[in-house]
Amino acid sequence: MHIVVCIKQVPDSAQIRVHPVTNTIMRQGVPTIINPYDLFALEAALQLRDKFGGEVTVLTMGPPSAEDSLRRALTYGADRAVLLTDRFFAGADTLATTYALATAIRKISETFGAPDIVFTGKQTIDGDTAQVGPGIAKRLGLLQLTYVAKINEVDPVARTIEAERRSEGGVQVLKTKLPCLVTMLEATNEIRRGAMADALRAARAQIVTWSAKDAGVEDISKCGLKGSPTIVKRVFAPSARAEKAVFVDFANRPPAEALIEELFKRQPKLEAELISSAHGF
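Note that the coordinates shown come from a computational prediction; the quantities given were computed from them, not determined experimentally.

1. Things to note about unusual backbone geometry
Logical step 1: Omega for the bond connecting Leu178 with Pro179 falls within 30 degrees of zero, at 0°, which places this linkage in the cis form.
Logical step 2: Positionally, Pro179 belongs in the loop between strand S11 (170-177) and strand S12 (180-184).
Logical step 3: In this model, Asp128 sits at a positive phi of 60°, which is unusual for a non-glycine residue.
Logical step 4: Mapped onto the elements, Asp128 comes out in the loop between strand S8 (117-121) and helix H4 (132-140).
Logical step 5: Despite not being glycine, Ala187 shows a phi value in the positive range, around 60°.

2. So, the side chain of Asn35
Logical step 1: Positionally, Asn35 belongs in the loop between strand S5 (32-34) and helix H1 (36-52).
Logical step 2: Judged by relative accessible area, Asn35 falls into the buried class, the value being 0%.
Logical step 3: Reaching out from Asn35, the side chain makes a polar contact with the backbone nitrogen of Ile125 at a distance of 3.0 Å.
Logical step 4: Excluding residues within four positions of it along the chain, Asn35 makes contact with Lys8, Val10, Gln123, Thr124 and Ile125.

The rules behind each value
- Residues numbered from 1 in each chain as written.
- Predicted model: local features only at pLDDT ≥ 70, side-chain atom pairs only at ≥ 80, totals over all residues.
- Heavy atoms only, no water.
- Helix = DSSP H or I, 4+ residues; strand = E, 2+ residues; numbered from the N terminus.
- Buried < 20%, exposed > 50% of the residue type's maximum accessible area, 1.4 Å probe, protein only.
- Polar contact = N/O pair within 3.5 Å; in protein donor to acceptor, adjacent residues only side chain to side chain.
- Contact = heavy atoms within 4.5 Å.

What follows is the structure in structure tokens.
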């Protein structure tokens, strides 16, 4: 099997700060990591590769520094890494991003073989849109399974995949044909540590680096800021709440009773409204 995994290098959200004057994210000095959701997608791909054989190609779009995340993916056991980098990609929203990544996947298909499955994480921690995976599937004409919690079965001969998809009403068990695109949920598997041999291989591996031209992008106007109809007007940190937390002393009273009494004390109209509602008048 040939599996492509799309990953993204993102700022560590635990250390992101917002500038108090400009209201923009301060990225200077903030370490970058592989988007956590993408790691579960990578592990799912590696497990299928280990079971059925084949190759896992990891793809990312970003600045030259994104090579660090690709090498990290190689240490986990990925076979190949492709970096899509060009100044034309700067400022891309999800629409422009999916155009560039879909074009790169077509190039990967021509160069290294058509993928049976394309994996992505369900979303990224910096954008939180969950649009890139489905957008790639739409552009490539792939069937898609989103919010996948578990892959039950893959049949390379019958060219089918069965997966459990988490939904608001519970869990859906879906089966579809290959090739397809799968977006993985968090905590769906345990990320492997990676072998020493893979770490050594990753350190000396040749990262395949493509510009927009190399990847076969025909319309630059669909890339980067020019191809992005979405505009982020302002990024801001929520202000601290003026009201502080209140300590409720149970004083040998049942906790629920104490909390309800405190609630009614702070919301005097609430008790009357509840009584009125209960009696239907």
